[in-house]
Amino acid sequence: PGPPASFSFTTVTPSVTTTLGAICAQPACQSATTVTAPTPAFTSPAGLLNSTISFPAGVNGITVTGGQLSIAVNNSLGFDPLRPNGVNTAPYGQVIITVSSGTVSRTDTLRGSPTLGMPNGAPSSLIVTLPAGVYAGTVSLAISLSAPAGGNASMNSSNGFQLQTSLQGFAVSQATVVVNNVAVNTSPASFNLTDVDLGEQV
């Protein structure tokens with residue numbers, strides 16, 4: 001049988017931790033004490049939720065053939081930014097996720113719905129497909145969160161929000177690896193070629 005079509009390796013799993021005060025600039029989000037008020041419409045500041053996935057040391061490039069990016073959400077903002085008016089009530093928020101490396105790039109927009117949200121105080125996840133192609137050095141993640149105005153919620157500027165990124169089913173068909181100062185020990189091997197017609201083989 002031939003070599004496997006793809007292989008996988010472990011990457012550094014990045015995380016982003018921020019607060020309601022940082023993610024939402026509206027006055028209701030800036031209170032140092034807990035207040036109950038309607039949640040305001042907001043969009044997260046550019047770059048606040050961005051992160052970078054690093055390749056293992058020495059891996060300069062990889063050819064990705066498939067896989068998914070999974071983002072685990074730990075939301076303690078005091079409300080669901082994708083469904084601030086309730087699970088079954090529009091308008092909904094959205095998350096824009098751009099995955100890029102070298103010349104490879106893909107942007108996905110995930111919109112809140114009755115089945116997709118970031119419930120307060122409960123784990124949730126967002127999943128997007130990785131673009132196929134040649135990745136160079138690192139993978140950059142640009143994430144923007146937009147929430148519409150919603151119902152009353154208990155808000156405090158220190159309320160937390162965390163994103164933890166991982167790769168699932170990450171398939172790589174080729175990798176460029178730099179190996180420096182690694183000793184390779186070999187042992188001689190003997191073969192009996194008495195009955196082999198080397199002329200015909202050549």
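Our structure is the block above this text.
Residues numbered from 1 in each chain as written. Predicted model: local features only at pLDDT ≥ 70, side-chain atom pairs only at ≥ 80, totals over all residues. Heavy atoms only, no water.

A. Here's a closer look at the overall build of the protein chain. The secondary structure content of the protein chain amounts to two helices and 12 strands. Traced from its N-terminal end to its C-terminal end, the protein chain shows the element sequence β-α-β-β-β-β-β-β-β-β-β-β-β-α. The burial tally for the protein chain puts 37% of its 202 residues in the buried class. For the protein chain, long-range pairs separated by at least 24 residues make up 83% of all intrachain contacts whose partners lie at least 6 apart in sequence. Accessible surface for the protein chain amounts to roughly 10,900 Å². Of this, 53% is attributable to carbon and sulfur atoms. (Helix = DSSP H or I, 4+ residues; strand = E, 2+ residues; numbered from the N terminus. Buried < 20%, exposed > 50% of the residue type's maximum accessible area, 1.4 Å probe, protein only. Contact = heavy atoms within 4.5 Å. Areas by Shrake-Rupley, 256 points an atom, 1.4 Å probe, with all protein chains shown as cover.)

B. Inspection of the side chain of aspartate 80 at higher detail. Tracing the backbone through its elements, the reader meets aspartate 80 in the loop between strand 5 (59-75) and strand 6 (94-101). A polar atom in the side chain of aspartate 80 sits 3.0 Å from the side chain of arginine 83. A polar side-chain atom of aspartate 80 sits 3.0 Å from the main-chain amide nitrogen of methionine 118. With sequence-adjacent residues up to four places away left out, aspartate 80 is seen in contact with Asn75, Gly117, Met118 and Pro119. (Polar contact = N/O pair within 3.5 Å; in protein donor to acceptor, adjacent residues only side chain to side chain.)

C. Spotlight on the state of the cysteines. Summed over the entire model, instances satisfying the criterion amount to one disulfide. Residue cysteine 24 pairs covalently with cysteine 29 via a disulfide, S to S 2.2 Å. One disulfide, between cysteine 24 and cysteine 29, carries an S-S torsion of 65° and so falls in the right-handed class. Residue cysteine 24 shares its accessibility class with cysteine 29, and that shared class is buried. (Disulfide = S-S within 2.5 Å.)

D. Local environment of the pattern of salt bridges. This model, assessed by the stated rule, comprises two salt bridges. The salt bridge partner of aspartate 80 is arginine 83, with a shortest N-O separation of 3.0 Å. Of the two residues, aspartate 80 and arginine 83, neither departs from the other in class, the shared state being buried. Note that aspartate 108 is salt-bridged to arginine 106, the shortest N-O span being 2.8 Å. (Salt bridge = Lys/Arg side-chain N within 4 Å of Asp/Glu carboxyl O.)

E. Just the pairing of strand 4 (residues 51-54), in detail. Judged by which residues are buried, strand 4 turns out to be one-sided: Ser51 and Ile53 face inward and are buried, whereas Thr52 and Ser54, on the alternate face, are not. Across four bridges, strand 4 lies against strand 10 (residues 138-147) in antiparallel orientation. Each bridged residue has a counterpart across the sheet, and for threonine 52 the counterpart in strand 10 is serine 140. (Pairing = 2+ DSSP bridges.)

F. Seen up close, the nonpolar core. Formed by 40 residues in total, the largest nonpolar core has its most connected members in Ile23, Leu69, Ile97 and Phe161. Elements represented by at least two residues in this core include exactly helix 1 (20-23), strand 5, strand 6, strand 7 (104-111), strand 8 (123-129), strand 10, strand 11 (152-155) and strand 12 (160-177). Sort the elements by how many residues they give to this core and strand 5 lands first, with six residues. Here isoleucine 97 is in contact with Leu69, Ile71, Arg106, Thr107, Asp108, Leu110, Leu126, Val128, Ala142 and Ile143, once residues within four sequence places are set aside. (Core = buried A, V, L, I, M, F, W, Y, C linked by side-chain atoms within 4.5 Å.)

G. Structural view of the packing of aromatic side chains. Applying the stated criterion to the full structure yields one aromatic pair. When the centroid spacing of 6.4 Å and the interplanar angle of 80° are considered together, the rings of phenylalanine 42 and phenylalanine 79 count as edge-to-face. Of this pair, phenylalanine 42 sits in strand 3 (residues 42-43) while phenylalanine 79 sits in the loop between strand 5 and strand 6, and the two are 37 residues apart along the sequence. For the pair phenylalanine 42 and phenylalanine 79, a shared accessibility class is recorded, and that class is buried. (Phe/Tyr/Trp six-rings, centres within 6.5 Å; stacked < 30°, edge-to-face > 60°.)

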